[in-house]
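Per-entry structural report
Chain by chain, the residues:
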Amino acid sequence: MMSRSYTNLLDLASGNFPAMGRESKERRRMPRVMSVPGFVTEVDDDQALKDGFPEDMEVLYVGSLRVDIDPAEQDDVSHYGHFFITCYPSRLIKATVLIALCGKPMCWQINYSFKRVKMGFFLHSPFPSSEIYRTLPVREEILKALLNSDIIGFHTFDYARHFLSCCSRMLGLEYQSKRGYLGLEYYGRTISIKIMPVGIHMGRIESVMRTADEECKVRELKQQFEGKTILLGVDDMDIFKGINLKILAMEQMLRQHPKWQGRAVLVQIVNPARGKGIHLEEIRAEIQESCNRINRVFGRPGYEPIVFIDRSVPFTEKVAYYSIAECVIVTAVRDGMNLTPYEYIACRQGISGSESCSNVSDPKKSMLVISEFIGCSPSLSGAIRVNPWNVEATAEAMNEAISMGDGEKQLRHENITGLSFGFRVVALDPNFKKLSIDAMVSAYKRARSRAILLDYDGTVMPQNSINKSPSKEVISILKTLCADSRNVVFIVSGRGRDSLSEWFIPCKKLGIAAEHGYFMRWSQSEEWEICGKCSEFGWMQIAEPVMRLYTEATDGSSIERKESALVWQYRDADLGFGSAQAKEMLDHLESVLANEPVAAKSGQFIVEVKPQDVSKGLVAEKIFSSMAENGNQADFVLCVGDDRSDEDMFEIVSSAISRNILSTNASVFACTVGQKPSKAKYYLDDTTEVTSMLESLAEESDSSPCIEESGDSS
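All figures in this text were calculated on a predicted structure; none of them were measured in a lab. (Residues numbered from 1 in each chain as written. Predicted model: local features only at pLDDT ≥ 70, side-chain atom pairs only at ≥ 80, totals over all residues. Heavy atoms only, no water.)

1. Considerations on the packing of aromatic side chains
As enumerated under the stated definition, the model contains 17 aromatic pairs in all. The interplanar angle of 20° and the centroid separation of 4.7 Å between the aromatic rings of Phe-157 and Phe-577 together place this pair among those described as stacked. With a relative accessible area of 7%, Phe-157 lands in the buried category. A relative accessible area of 5% places Phe-577 in the buried class. Ring geometry for Tyr-456 and Trp-503: centres 5.5 Å apart, planes at 25°, overall stacked. Here the residue Tyr-456 occupies a position in the loop between β17 (450–454) and α16 (472–483), and Trp-503 occupies one in helix α17 (residues 497–503), the gap between them amounting to 47 residues. We classify Tyr-456 as buried; its relative accessible area is 0%. Aromatic rings pair up to connect Phe-127, Tyr-133, Phe-154 and Phe-163 into one cluster. It is Arg-450 that lies over the ring of Tyr-444; its NZ or CZ is 3.7 Å from the centre. The ring of Phe-519 carries Arg-497 above its face, with NZ or CZ at 3.9 Å from the centroid. (Phe/Tyr/Trp six-rings, centres within 6.5 Å; stacked < 30°, edge-to-face > 60°. Buried < 20%, exposed > 50% of the residue type's maximum accessible area, 1.4 Å probe, protein only. Helix = DSSP H or I, 4+ residues; strand = E, 2+ residues; numbered from the N terminus. Lys NZ or Arg CZ within 6 Å of the ring centre and 35° of its normal.)

And the structure:
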């Protein structure tokens, strides 16, 4: 559950952040750490204090001062602590925590500016938008106080963007992006802005899970709820947690889906309120009334659909509930970094020897239904996100979560680490129009030699699909198309050849061009050809460290290493931040790879570095040329793709007739997925329409056994 972008706080002390607007020397990076909740003054375990520091660094908890330090004496106290006992205070007031580090000191504090200490400020709650923040009477004073820090951290890019917008509108400060980091220049200093989602302490979670096993908590709950499907909510008693919205959604689910009556149980654990007030009492009464009403309507002997636990629940008991819950629901209407989903996923993952995970090799399953208004929502790519104010939609999401097949649950569990993407339509060719299926089928039926080139992701496979393997419907359609002796059918994809080969085993005659055409195979019976001229990949040792730098700084991003290429993808990152990081990375890679025989290009949610002599356009040219050389010049071409890399195919297709690699009377259909500026003349709206179109072609194909056995058309 570590956040990939959680930079080690020691980076600050070692000056590891790049200077904005000027080059900085390479410095040793410290390992990343998880945050540990709580105050250092509450720590009674020396090891917990050392979490995240290098093993060779001595860390000594000195203690707390019991008196306030007069402002006139603070410089002297700091000077004495620095030079005589190598200690730095976090605050020179009561309950000051002194930490001694062997090496450069650093202080991570909340609200005190001190001259000689490197300081960081981390906001544990959402930062308001500039339209709200500007109404504060002391708005500039707060911003200037925060800018005394050396680093300012936020849970998500949304919160950081609000802060940067306030600095721009009220102080006239513009931020810069340098080597994956954001920074503000303020009175000659660079303040680093970091996106640092909070994580959980896995060691402590595992320890509590073992304790829960020893106390037989999991076994007791399994017996208590035997035969029931458990949905779980764990929230503070707070006006922003949306507890009653969750309970109303449960009621709606039971009404709309009666099959869950008597089977589904929502266990709602409410942590004690952190404050008092009439509003909290009203909320508690409202929740209790809703629970009683639902239990009266849908309850029966031995079954209560809502189990409301309004007391302090030990963490061992919560862990037991996490372990047995089929789904956890978080419906907060506004929240910072809610750690409940992470704790649930960790408990569902289990530990070796645990009752909740009897066989550590068993597939792990979990489901999350979470509010889109909580800070951790962007990081949880496998979760179902909802608007908690829409009770009907939340109810449907709950039903979907507990009705989903085990395979899908396993995939979502594996992908539970943290947007839609579209091109901005500025101008479209007047001839750009939606593909007419009837006209295309008519041309298909007349043709004697056909070439069909299909991209994979975003074309025959939805981009947001968790399971990336092709559906049975797609496999069936491709088999039918390939069985027609007049067809040459190719999947032209950026994916690796191993996964594509495995997925399309049923399609014996399907051609595959993998990694944008670096590898190419005409059918399963033929060997892979290496079409790229580049055989040395030393450039990967240059590009990968650069990508790793941006991966650490961008939550939700990852690196995929292929045989011939490196891909940095940010599909699960914040769209705005990920896009900004991609532009910065592209510039960085072009700089360091200027003398290498490779090209760095951006695509949908990705930045890819691959050999210069490889493209989907060259794949299309090779296919058309080979068909022409074999006396089988194509008079029907269908080329479908959705990405920028597919534009190379569209460009080749549009010029192929004039270059005599297609028949002079060929019917050419270059089609992009989605309405956007493209070199293609046609478009279809989505992958569903693409599949429907291919099905129409399959219905007109000759797939009789005698034709299929006649050999490969290639």
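2. Details of the sheet that holds strand β12 (residues 306–310)
Through backbone hydrogen bonds, the strands of a sheet pair up, either in parallel or in antiparallel fashion. Sheet architecture is open: six strands sit in the order β12-β11-β10-β13-β14-β15, paired in parallel fashion. Every interior strand has two partners, whereas the edge strands, β12 and β15 (384–386), have only one. Shown here is a sheet whose adjacent strand axes are inclined to one another by a mean of 20°, direction ignored. Across eight bridges, strand β10 (residues 229–236) lies against strand β11 (residues 264–271) in parallel orientation. Among the inter-strand pairings, Ile-230 is bridged to a residue of β11, identified as Val-265. Strands in contact with helix α9 (residues 243–256) are β10, β11, β12 and β13 (327–330); relative to β11, the strand with the most contacts, it is inclined by about 175°. (Pairing = 2+ DSSP bridges. Axes fitted to C-alpha atoms, helices over the stretch in contact; angles between N-to-C directions. Contact = heavy atoms within 4.5 Å.)

3. Topic: a nonpolar patch on the surface
Among the surface-exposed residues, Leu-136, Val-138 and Ile-142 lie close enough to one another that they form a single nonpolar patch of about 210 Å² accessible area. Its location among the elements puts Val-138 in the loop between α4 (130–133) and α5 (139–146). The exposure class of Val-138 is partly exposed, given its relative accessible area of 42%. (Patch = residues over 30% accessible without salt bridge, like charges linked within 9 Å, V, L, I, M, F, W, Y side chains within 5 Å. Areas by Shrake-Rupley, 256 points an atom, 1.4 Å probe, with all protein chains shown as cover. Salt bridge = Lys/Arg side-chain N within 4 Å of Asp/Glu carboxyl O.)

4. Let's talk about the pattern of salt bridges
On inspection of all chains with the given rule, the structure shows 28 salt bridges. Notably, a salt bridge pairs Glu-563 with Arg-497, separated by 3.0 Å at the nearest N-O pair. You can see Glu-563 sitting in the loop between β22 (558–561) and β23 (566–569) and its partner Arg-497 sitting in helix α17, a full 66 residues away along the chain. Salt-bridge contacts for Glu-608 lead to Lys-562; the nearest nitrogen and oxygen are separated by 3.6 Å. A residue pair is termed long-range when its members are at least 10 positions apart, and Glu-608 in strand β25 (residues 606–611) and Lys-562 in the loop between β22 and β23 qualify at 46 residues. For the pair shown, Glu-608 and Lys-562 are each scored as buried. Among the charged side chains, a salt-bridge network with shared partners connects Glu-251, Arg-255, Glu-289 and Arg-293.

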